Amino acid sequence: MTQPALSDLLKASPLHLGPYEDLYKYFHAHPELSRQEKSTSEKLAAHLAGLGVSEIHSEIGGYGLAGVIRNGEGNTVLLRADMDALPVKELTGLPYASSITMSDAEGNEKPVMHACGHDMHITCLLAAAETLIKVQDAWCGTLIILFQPDEERGGGAQAMVDDGLYSKIPVPDFVLGQHVVRMKAGSIGSRPGAIMAACDSMKITVFGRGGHGSQPHQTVDPVLLAAHIVVRLQSVVSREINPNDLAVLTVGSLHAGQAENIISDRAEIGVDFRSVKLEVREQIIAGIKRIVEAECAASGSPKPPVFTPTRRFPPTVNDNDAASLVAATFATHFEDFDGDTPRTNIAEDFSTLATCRGIPSCFWLLGGIDHGIWDKAQAESRTEEVPGNHSALFAPVIQPTMRVGVDALCLAALTFLKK
Ligand SMILES: [Zn+2]
Ligand SMILES: [Zn+2]
C-alpha cells in the first residue's frame, strides 16, 4: 500500500465523531488530578472493552491503562495519551466547564481543570482505536492503546515502566504521541530530532541566623543572601551556556520570613530550568550549585544549602527515520502540516516510554485555537496573548482539533502497521 492510500483509507470510511465530542465534554467537565485519575481510567477501560478490545491491563503504575489489539504478524505500535488534569480554577465560561474540586497530595482542596488538553488526547485516542479496529483488514501487527497517568508531575511514564509495563504488554517497535498546543486549530507540526525540551525543577533551602530586624549585625540575613543568589543565577544561561544550545532558567518562587521586623533563619528558592542536551543540563546544575554554595559562604551562612530536586522531564527527541516516515504520511493528508515546526520549551515525560528500551519514537503538536481568535491575534501580532496550556482560559475548539488528532494517530500508526 502506498502512502496516499493511507489517507484515502481514512477518507473512505470516516468515523462519525459526534459521540466522541460528547465524550470530550464529559471528560472536560470531570477532570482528575495527577495520580488520582481513577474514574477517568475506569471510563476509558469500559470504552475500550465496548470496542471489543479483550486484552486490557489496568492500574499500571497508578491508574495507567493499556489495551492490546493483536492483528497478525507485523510491527508493534504504541499510541500514548496522558490523562491527568491540573489544580486550576477554570475560567473559560464554556457550557461544559469544570466545577470540580479535589484534595491534592498535601490534603488541600483544589479546583481542577483540564487546562493542558489531556481530555482531548484521551478522546482522540479512543476514537483512533475505534477507527483502526474498523479498518483492521488494511493493517497487520499489534496495536497498543496506552493511557498514561501523572504527566503533569512528571512521574507517570516512569511509574508505568517501573511497574513492569513491558512485561505485561509486548515491547513496541515504535512509540507515538501528540499534544494539543497554542497553534491554529487544524494545524499540525512535527520535526525530526528534539521537539520538546527537558525540564528540571528544584527547591533550594539556604540558611541564615534569625534575629531582631533592628540588630542585623547579630544575624545572618537569608533574605539578602537569597536576593544575591536570584540575581546571580541570571548569569548561568547568559554567561555560561553556549548561545547555540537551548537553555532557560527561571526562579519561579522565593519564600522567606513572616514579618517586617524579624530576620528569618532560612529562605527557600524554587528554580526551574530547561535544556535539550544532557551536558547542558549538567552544566546548569553545576552552575546553580557553585553559585548557591559560594553566596552562602560569602554571607557566612551557618549551614550548607540543601538542594531538593522536585521534577524531572527528559527531552522529547524524535527518531529521525520514524519522524520522516510519519511526516511523509501527514504531508499527504493534512493541508496545514509543518514538518519543521519550532521546538518548544514545554516538556513531556512521553519519551520515557521509548528511551527506557531504546525504542524509536515520534511526537507531534496539534493546534487547538479557534480560527477566528487565532487569525485576529495574528493580524495584531499578539498570538502569545492567546490563552495556552495551563491557563485557566485554555479552551481548545473541539473541531477541527479532534478530527486532526484522530486522523494523526491513525495515520502515524498505519505508517508502521500497513500491509
Ligand atoms: Zn501540562
Ligand atoms: Zn500536557
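In what follows, the accompanying structure is described.

Conventions we followed
- The numbers attached to residues start from 1 for each chain and follow its sequence in the written order.
- A letter from A marks each chain and a number from 1 marks each ligand, given out in the order of writing.
- Two thresholds apply to this predicted model, a pLDDT of at least 70 for residue-level local features and 80 or more for giving and counting side-chain atom pairs, whereas whole-chain, interface and lining totals are computed over all residues.
- Only hydrogens and water are set aside; all other atoms, that is, all heavy atoms of the structure, feed into the side-chain values.
- Stacked, edge-to-face and tilted are the three classes for Phe, Tyr and Trp ring pairs, Trp counted by its six-membered ring, which pair at centre distances within 6.5 Å; planes under 30 degrees apart are stacked, over 60 edge-to-face, the rest tilted.
- Numbered from the N terminus, helices here are DSSP runs of H or I no shorter than four residues, and strands are runs of E no shorter than two.
- Only protein chains enter the calculation, and the probe is 1.4 Å; a residue is then buried if its accessible area is under 20% of its type maximum, exposed if over 50%, and partly exposed in between.
- For a lysine, the NZ atom is tested; for an arginine, the CZ atom; a charge sits over a ring if that atom is within 6 Å of the ring centre and within 35 degrees of the ring normal.
- Between any two strands, at least two bridges found by DSSP are needed for them to pair.
- Axes, fitted as lines to C-alpha atoms, cover a helix only where it is in contact. Angles between the N-to-C directions of the axes lie from 0 to 180 degrees.
- Here, two residues are considered to be in contact whenever any of their heavy atoms come within 4.5 Å of each other.

**Some details on the packing of aromatic side chains**
Part 1 of the argument: Inspection of the entire model under this criterion finds seven aromatic pairs.
Part 2 of the argument: Consider the rings of Tyr26 and Phe27, whose centres lie 6.1 Å apart with planes at 70°: the pair is edge-to-face.
Part 3 of the argument: Aromatic pair Phe330 and Trp364: ring centres 5.3 Å apart, planes at 85°, arrangement edge-to-face. Remark: Trp364 occurs in strand 18 (residues 361-369) and Phe330 occurs in helix 9 (residues 320-333); sequence separation between them is 34 residues.
Part 4 of the argument: Residue Trp364 is classed as buried on the basis of its relative accessible area of 0%.
Part 5 of the argument: Just above the ring of Phe307 sits the side chain of Lys289; from NZ or CZ to the centre is 5.4 Å.
Part 6 of the argument: Lying across the ring of Phe207, Lys303 places its NZ or CZ 4.2 Å from the centre.

**Re the sheet that holds strand 15 (residues 306-313)**
Part 1 of the argument: The sheet built from four strands is open, its strands ordered 12-14-10-15 with antiparallel pairing. Strands with a single pairing partner mark the edges of an open sheet, and in this sheet they are strand 12 (247-256) and strand 15. Adjacent strand axes in the sheet meet at a mean angle of 15° when their direction is disregarded.
Part 2 of the argument: Direction of pairing for strand 10 (residues 198-207) relative to strand 15: antiparallel, over a ladder of seven bridges. Bridge assignment links Lys203 to a residue of strand 15, and that residue is Thr308.
Part 3 of the argument: The sheet strands contacting helix 7 (residues 222-240) are strand 10, strand 12 and strand 14 (266-275), and the helix crosses strand 12 at an angle near 170°.
Part 4 of the argument: Strands strand 10, strand 12, strand 14 and strand 15 of the sheet are contacted by helix 8 (residues 278-299), whose axis makes an angle of about 160° with strand 14.

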